[in-house]
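# Analysis of the macromolecular model
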Amino acid sequence: MPNAIQSFLTDNKVSNINYNVSGDSIPSYDSYKKLCLEAENNFEEFWGGYATKLLSWSKTFSKVLDDSNKPHYKWFIDGSMNVTVNCLDIHLTNGNSNKNAIIFESDDGDVSKITYKDLFVRVCKFANGLKNLGYKIGDRCIIYMPMSIEVIVAMHACARLGIIHSVVFGGFSSKSLHERILDIGASLIITSDYQKRGGKQIPLKSAVDDAISLGNCDSITNVIVYKRTGSSINWLDDRDLWMDDLENNQLDYCAPVFVDAEHPLFVLYTSGSTGKPKGIQHSSAGYLLWSKMTMQWTFDTRDDDIFWCTADVGWITGHTYIAYGPLSLGLTQVIFEGIPTYPNSDRFWKMIENHKVSIFYTAPTAIRSLIKSSCIDPSVHPDNFDLSSLRVIGSVGEPISPDTWKWYYKNVGKENCPVADTWWQTETGGHMITPLPCLNYLKPGSCSLPLPGIFASVVDESGEEVPNATGGFLVIKKPWPGMIRNIWGNTERFRTSYFPEELKGYYLAGDGAQRDSDGYFWIMGRIDDVLNVSGHRLGTMEIESALVSHSKVSEAAVIGRSDDTTGEAVVAFIVMKGDKPSNEDAVNIAKELRNWIACEIGPIAKPKDIIFGDSLPKTRSGKIMRRLLRSIANGENINQDTSTIENISILDKFSISF
Ligand code: PRX
């Protein structure tokens, strides 16, 4: 790395010394270093101590870590517990019973609140309903619901009984839903009639009906429907049930099913570098411990906090920092049904002001879009709102550029709130590398230092650590309790994708990174064929397979290009079965292909640019030259070696993008 960049990375610091850690985080940089050392010297005691202190066990564990079958690490051997006991029951007797667990704001702006006691009762009643239907530990349940109190009830009712849930983001199509139902072998689906987002009503139940009609779903015995709008839906009397009806007349206590520490709490699908999404399997005890610890450390939580994470519960952020972490700590949290731009782009700032949010956690893509809106219409600028309740602000899901960071720090945090640029993944269960509030310096664009107990490093292709200021693979050298346990039904893929032998068995994150001379980490983006569009992870192969399944498409190559708002945008290079379409036809075909992708995967995967050509640039061995396509899509001069291209003349024949 050139010296100028290196000194920018090292010197572009923002002092954080005015922040006073007086909540549950690590009080000072010295104590942070001490904890890191403690984890290094007494690894098992370190984790065992936290597991004893922070979790309620029905049977205590006899051993902290079993690493006899790497990389299938097992944590808290012989321990059993129930996640909902740790998120709900404990609050019935610790003074939190009448405290609001959730402040829910609907798309329309209606607000409803639920206390810990009432949430506990709803979870128990719903769990009793599920139990009466015969669902039990180990069964799999797909949850396809909008942001609501009900989705939290559904997830916890599953956890109460040891049913493994798999939440599917409401923006995925019935085809994607079908793929997940089959992969996990679900016997139950919990959905809602519709969801409301940005003033629109979007059908969910009909997508479930469509998914089931795609076949091989005989394992599904019930579809339980939360009535969100009451608009009409199709109904199958012997399969479909209203959530309300199931809860009514149930007892308001349901005995928790205590599960083994390693029992899968959930499986969450995410994209990888093949055409098929991976079911990331998480544990119960280790996962919950890591959610709780990282909530405390990163956000310096306090009892009177109002926490708001704007993610959807269909992603890992919504699991760890909505469904589980905040409840485990007895915090009050805001859950929002809508989108940041409806009815206006001041929605987030209004909600922070109205609910007196003290910790705000959102994605760079939302910040970028709100920066744009406030340039166009100054009345939606955060300066027009009282955001003085904020203490810590966070960012998640994609790199936050130094400019966006600075805008967020200045205009939202008013230069008083540390920005927690949290680096982590679906697979890591919770934050891994993130600026703690006790750090003396923050660096815009850097996710800073690993949390204590997390042995992050940057290595070359043989697993050797690279010097500072040198790019390499981001790896985690030792296991941690919140880590992925398996890929559902695909142990081989789990081992080879995450623990390749040549990297000495380290966990391979799939991101490139480098460290500066202060040891701060800078994430350089994915090293595999995974895109990050608006913080959503999409596999290029997944989109390519969907495109070539269209009857008119012969070949497709998908790459990412940078985009001001969404971070990355999907670009599809298409070769049609017949001739390359005329510009007139291309407009219609591009529209048809976008709709096709919306149906095959979901609207989030629609290509922004579609470029038609006669064939794709390939090497003599038939490999598509993606780097070259990336240059074309980004409008760059092609200055890479093209001598290996089989068919060089095709480069001039790509159409403009449609
Ligand atoms: O590339 C990294 C990026 O998001 C990927 C993980 O995506 P997903 O599993 O969907 O989880 C998103 C929510 C944690 C990572 O491999 N990423 C996540 N956080 C950051 C980031 N890139 C840079 N900086 C971050 N803070």
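Because the structure is a prediction, the values reported are computed rather than measured.

A few words now on the overall build of the protein chain. If you tally the helices and strands in the protein chain, you get 18 helices and 32 strands. Its C-alpha atoms give the protein chain principal-axis dimensions of roughly 75 × 65 × 60 Å. Split into buried and exposed, the 658 residues of the protein chain put 63% on the buried side. Accessible surface, the protein chain: about 24800 Å² in total, of which carbon and sulfur atoms supply 48%. Between the averaged position of the 64 positive side-chain charges in the protein chain and that of its 78 negative side-chain charges there is a distance of 1 Å.

This paragraph deals with the packing of aromatic side chains. Summed over all chains, the structure comprises 41 aromatic pairs. Ring centres of Phe-43 and Phe-455 lie 6.2 Å apart, and the angle between their planes is 50 degrees; on these two criteria the pair is classed as tilted. Of this pair, Phe-43 sits in helix H3 (residues 43-54) while Phe-455 sits in the loop between strand S22 (441-442) and strand S23 (456-459), placing them 412 residues apart in sequence. Of the residues examined, Phe-43 reaches a relative accessible area of 13% and is grouped as buried. You can call Phe-455 buried: its relative accessible area is 16%. Ring geometry for Phe-61 against Phe-76: centres 5.0 Å apart, planes inclined by 55 degrees, an arrangement best described as tilted. Of this pair, Phe-61 sits in the loop between H3 and strand S2 (63-66) while Phe-76 sits in strand S3 (residues 74-77), placing them 15 residues apart in sequence. Residue Phe-61 shares its accessibility class with Phe-76, and that shared class is buried. Put simply, the rings of Phe-43, Phe-46, Trp-47, Tyr-50, Trp-57, Phe-61, Trp-75, Phe-76, Trp-290, Trp-297 and Phe-455 touch in pairs and so form one group of aromatic residues.

Moving on, we come to the pairing of strand S6 (residues 111-115). Across five bridges, strand S5 (residues 100-105) lies against S6 in antiparallel orientation. The residue of S6 that forms the bridge with Asn-100 is Thr-115. Adjacent in sequence and paired antiparallel, S5 and S6 are bridged by five residues, among which Gly-109 carries a positive phi angle near 105 degrees.

When the parts of a complex come together, some accessible area is lost, and that lost area is often used as the size of the interface. Split into domains, the protein chain comes out as domain 1 (108-257) and domain 2 (534-634). Look at where the C-alpha atoms of domain 1 and domain 2 centre, and you get two points 34 Å apart. Contacts between the two partners involve six residues from domain 1, matched on the other side by seven residues from domain 2. Considering only the side of domain 1, the residues that lose the most area to domain 2 are Phe-172, Ser-173 and Lys-175, jointly responsible for 58% of the buried surface there.

Taken from the UniProt record, the annotation "domain: Acetyl-coenzyme A synthetase N-terminal" (unreviewed entry) applies to residues 32-87. The span residues 32-87 carries 48% helix and 18% strand; its end-to-end C-alpha distance comes to 27 Å.

What follows deals with the sheet that holds strand S19 (residues 359-362). Reading across from one edge, S6-S5-S18-S17-S19-S20-S21 is the order of the seven strands in this open sheet, with mixed pairing throughout. The sheet is open, and its two borders are formed by S6 and strand S21 (419-422), each paired with just one other strand. Taken over all neighbouring pairs, the strand axes of this sheet differ in orientation by 20 degrees on average, direction set aside.

The next subject is the UniProt feature "domain: AMP-binding enzyme C-terminal" (unreviewed entry) in the protein chain. In this numbering, the UniProt entry assigns the feature "domain: AMP-binding enzyme C-terminal" (unreviewed entry) to residues 542-623. Taken end to end, residues 542-623 comprises 30% helix and 30% strand; its first and last C-alpha atoms sit 17 Å apart.

Let us now look at the site of the ligand. Neighbouring the ligand are 17 residues; Asp-421, Thr-426, Asp-511, Arg-526 and Arg-537 lie closest to it. Contacts to the ligand include Thr-422, whose backbone N or O atom sits 2.9 Å from a nitrogen atom. Asn-532 places a side-chain nitrogen or oxygen 3.5 Å from an oxygen atom of the ligand. Protein contact buries 95% of the 550 Å² of open area that the ligand shows by itself. Partitioned by chemical class, the residues of the shell around the ligand number six nonpolar, six polar and five charged.

This brings us to the nonpolar core. A general feature of soluble globular proteins is that nonpolar side chains tend to end up buried together. One finds Phe-76, Phe-126, Ile-143, Trp-297 and Tyr-324 to be the most contacted residues of the largest nonpolar core, which totals 123 residues. Here this core takes 10 residues from helix H6 (residues 149-161), the largest share from any one element. Sequence-distant contacts of Trp-297, defined by excluding residues within four places in its chain, comprise Asp-24, Ser-25, Ile-26, Leu-35, Phe-46, Tyr-50, Trp-290, Leu-436, Pro-437, Leu-451 and Pro-452. Within the second largest apolar cluster, 48 residues are counted, among which are Phe-169, Ala-211, Ala-586 and Ile-589.

All right, on to unusual backbone geometry then. Cis rather than trans, the peptide bond between Lys-70 and Pro-71 has omega equal to 0 degrees. That bond from Tyr-342 to Pro-343 is cis: its omega, -5 degrees, falls within 30 degrees of zero. Inspection of the secondary structure puts Pro-343 in the loop between strand S18 (332-336) and helix H12 (347-355). Even without being glycine, Ser-534 reaches a positive phi, approximately 50 degrees. Checked against the element boundaries, Ser-534 lands in the loop between strand S28 (530-533) and strand S29 (536-539). By relative accessible area, Ser-534 is classed as partly exposed at 23%.

Turning to the sheet that holds S23, a few remarks are in order. Strands sit in the order S23-S24-S26-S27 across an open sheet of four strands; the sheet is antiparallel. The open sheet has two free edges, formed respectively by S23 and strand S27 (521-526), since each of these has just one partner strand. The sheet shows a mean angle of 45 degrees between the axes of neighbouring strands, taken without regard to direction. Direction of pairing for S23 relative to strand S24 (residues 472-476): antiparallel, over a ladder of four bridges. Within S24, the residue paired with Val-458 across the bridge is Leu-474.

Cut-offs and rules
Residues numbered from 1 in each chain as written. Predicted model: local features only at pLDDT ≥ 70, side-chain atom pairs only at ≥ 80, totals over all residues. Heavy atoms only, no water. Helix = DSSP H or I, 4+ residues; strand = E, 2+ residues; numbered from the N terminus. Buried < 20%, exposed > 50% of the residue type's maximum accessible area, 1.4 Å probe, protein only. Areas by Shrake-Rupley, 256 points an atom, 1.4 Å probe, with all protein chains shown as cover. Lys, Arg positive; Asp, Glu negative; His and termini not counted. Charge placed at Lys NZ, Arg CZ, Asp CG, Glu CD. Phe/Tyr/Trp six-rings, centres within 6.5 Å; stacked < 30°, edge-to-face > 60°. Pairing = 2+ DSSP bridges. Domains from an automatic or database assignment. Contact = heavy atoms within 4.5 Å. Buried area = accessible area lost by both parts, 1.4 Å probe. UniProt positions renumbered as here; feature names shortened; annotations may be inferred. Axes fitted to C-alpha atoms, helices over the stretch in contact; angles between N-to-C directions. Near = heavy atom within 4 Å. Polar contact = N/O pair within 3.5 Å; in protein donor to acceptor, adjacent residues only side chain to side chain. Nonpolar A, V, L, I, M, F, W, Y, C, P; charged D, E, K, R; others polar. Core = buried A, V, L, I, M, F, W, Y, C linked by side-chain atoms within 4.5 Å.

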